[in-house]
Amino acid sequence: MTGRLGGGHQSDRLVPLPQQVTPRDGSLVIGAHSRVVAGNGVDPMDPVVVHLVADVQSATGLHLRRTIEPPARGDIAVRIDPASSSRHGDEGYELTIGNDGAEVVAATRHGLWNGTRTLVQLFSHSAHDGELPAVHIVDRPRFEWRGAMLDVARHFFGVDHVLRFVELMARFKLNRLHLHLSDDQGWRLAIDGWPALTGVGASSAVGGDYGGFFSRADYLEIVAHAALHFVTVVPEIDMPGHTNAALASVPELNLDGVTPPLYTGTEVGFSSLHLAAPATRRFVHDVIAQLAADTPGEYLHVGGDEAHSTDHSAYLEFVALLQREVHSHGKQMVGWEEIAAAPLAPATLVQHWLHAAVAAGAPSGARFVMSPARHTYLDMKHTPDCRVGRRWAGFIDLATAYGWDPAALIDGVGDDRIAGVEAPLWTEKVVSFADVEHLCYPRLACLAEVGWTAQALRTWDDFRPRLQVHSDRLAAIGVNVYGPPAD
Ligand code: TNX
């Protein structure tokens, strides 16, 4: 059977749905003598193995030993087979569960991570037993970029919350954490040599709420925790618009040398950096150099959206400068769709959010991250009666978050030009982490399947009960999941 599952088999607990699932008769019972076997190419101390042990323990109550001995009856084996890369790609895997044992094989550690995520989902969790259904799964993602964005600029969320955000998204094989680190209302990352950015610019937030910022060490801690969960951090410093917090902090970023006041409202499009101001080029250089130094991932996001107060030719020149600076560190640039008007290198990623026609103006060869507001904006209310959330892009219920095809958004842009999908959580109206969870879950699980599973295998009717399993599991670990009225 390919993809679609018949009712009743325990493998209908999986989100995202794998490419190929073949249920078999029988089951494997993980017991007190079962072990996790680190096979070929796998260090028994590898975080993939450590996480597997921890996750089996939380699903079953059993703490499995790790070993490098050959697998015996009842064991879970993981191994790397570099020769399988043509089948599995960078992130795919093969999972076999039989009456005698389970095995995950992949060409990379990331593939093993994904395969073990699937294995862990196959436990019943609620029954707290060690039973796994016999099954053969061959899987790989549709898109390489499956992301969530957290806006820590409008309201600040500290390291603990960001680590939790990473752990939750990683359950669904999401693999990009886009951090929106600066905006009109706040600057959230300490930059060496520019103490005023945080000294002044981090003190504010929307509505006069508390600000805050990440030290360099905080940022590195987030990057490291994300890496343990196979999540790549994509930091964003939004320029040349959305920059009031920086302008308010550093007089030399202003043409007249006079800082504007800090801003706590929710308007957009009124601020701009200017290349003619004395400190702008040095500022851009230093900020991007530090981001590049502290970010192991290949992408730096430079914003570029809603620069309504930047003259068009100045905007194009600014984007060109940003791209040069990003490239000088061997990184690739990502920007919101407005950057499509500028001359872009082929590897630059254009993040579509509002106007397909604007995104479509990108040079041929440019690639896209798809974040269509009407389907992915996590700051929109689920339904009209939700207490939290906004309305401007419409209500995004679970069927709307699920029911779209990334390849049907921009004329002529199919899978080959799509890096992937991402759901942004803007936080103008989001103050508590409980509200973050309510807006993100279970909608981020919908996005995870949009980004992972082949379009032809996806239907809402098949997805709905699988999603419910995960809403219940998230609720059981204390996540403030949104529960829609029963349909
Ligand atoms: C548009 S999406 C914005 C953000 C706002 C968001 C609110 C984008 C590139 N810009 O500045 O926070 O709408 O939903």
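Bear in mind that the values here come from a model prediction, so they are computed numbers and not experimental data.

Draft legend 1. How the structure looks around the site of the ligand. What surrounds the ligand is a group of 13 residues, the closest being R154, Y377, D379, W392 and E428. D379 has a polar side-chain atom sitting 2.6 Å from an oxygen atom of the ligand. The separation between an oxygen atom of the ligand and a polar side-chain atom of W392 is 2.8 Å. Partitioned by chemical class, the residues of the shell around the ligand number six nonpolar, one polar and six charged.

Draft legend 2. Geometry of the domain arrangement of the chain. We note that the domain assignment places domain 1 (10-139) and domain 2 (145-458) within the chain. Put simply, the middle of domain 1 and the middle of domain 2, counted by C-alpha atoms, are 34 Å apart. The interface of domain 1 with domain 2 comprises 19 residues on the first partner and 15 residues on the second. For the pair domain 1 and domain 2, the summed buried area comes to about 1,500 Å², and 61% of that belongs to carbon and sulfur atoms. For R146, the salt bridge goes to E91, with nearest N and O atoms at 2.7 Å. Sorting the residues of the side of domain 1 that touches domain 2 by element identifies α1 (47-60) and α3 (109-121) as the ones contributing at least two each. Sorting elements by how many residues they give to the side of domain 1 that touches domain 2 places α3 first, with seven residues.

Draft legend 3. Quick look at the sheet that holds strand β1 (residues 20-29). The strand order across the open sheet formed by seven strands is β1-β7-β5-β6-β4-β2-β3, and the pairing between neighbours is mixed. Of all strands in the sheet, those with a lone pairing partner are β1 and β3 (65-67), marking the two edges. Neighbouring strand axes in the sheet, compared pairwise and without regard to direction, differ in orientation by 20° on average. Sheet topology note: the strand β5 (residues 93-97)/strand β7 (residues 131-139) ladder contains five bridges and is antiparallel. Each residue of the ladder has a partner; that of L95, found in β7, is I137. Lying on the sheet, α3 is in contact with β4 (75-80), β5, β6 (101-106) and β7; it crosses β6 at an angle near 145°.

Draft legend 4. Summary view of the packing of aromatic side chains. For the structure on display, the rule yields 16 aromatic pairs. Ring centres of W353 and W392 lie 6.4 Å apart, and the angle between their planes is 90°; this geometry places the pair in the edge-to-face category. Here W353, found in the loop between β15 (349-352) and α10 (356-360), pairs with W392, found in the loop between α11 (373-376) and α12 (398-402); they are 39 residues apart in sequence, far enough to count as distant. When the centroid spacing of 4.0 Å and the interplanar angle of 10° are considered together, the rings of Y402 and F463 count as stacked. Taken as a pair, Y402 in helix α12 and F463 in helix α15 (residues 460-476) lie far apart in primary sequence, 61 residues in all. Classification of Y402 by relative accessible area gives buried; the value is 2%. Linked through ring pairs, W336, W353, Y377, W392 and W426 together constitute an aromatic cluster. Over the ring of W113 we find R117; its NZ or CZ atom is 3.9 Å from the centre of that ring.

Draft legend 5. Spatial organisation of unusual backbone geometry. Residue P16 follows V15 across a cis peptide bond; omega there is 0°. Following Y441, the chain continues to P442 via a peptide bond in cis, the omega torsion being 5°. Position of P442 among the secondary structure elements: in the loop between α13 (433-440) and α14 (443-452). In the Ramachandran plot, H125 falls in the positive-phi region, its phi being about 65° despite a non-glycine side chain. The residue H125 is located in the loop between α3 and β7 in this model.

Calculation rules
Residues numbered from 1 in each chain as written. Predicted model: local features only at pLDDT ≥ 70, side-chain atom pairs only at ≥ 80, totals over all residues. Heavy atoms only, no water. Near = heavy atom within 4 Å. Polar contact = N/O pair within 3.5 Å; in protein donor to acceptor, adjacent residues only side chain to side chain. Nonpolar A, V, L, I, M, F, W, Y, C, P; charged D, E, K, R; others polar. Domains from an automatic or database assignment. Contact = heavy atoms within 4.5 Å. Buried area = accessible area lost by both parts, 1.4 Å probe. Salt bridge = Lys/Arg side-chain N within 4 Å of Asp/Glu carboxyl O. Helix = DSSP H or I, 4+ residues; strand = E, 2+ residues; numbered from the N terminus. Pairing = 2+ DSSP bridges. Axes fitted to C-alpha atoms, helices over the stretch in contact; angles between N-to-C directions. Phe/Tyr/Trp six-rings, centres within 6.5 Å; stacked < 30°, edge-to-face > 60°. Buried < 20%, exposed > 50% of the residue type's maximum accessible area, 1.4 Å probe, protein only. Lys NZ or Arg CZ within 6 Å of the ring centre and 35° of its normal.

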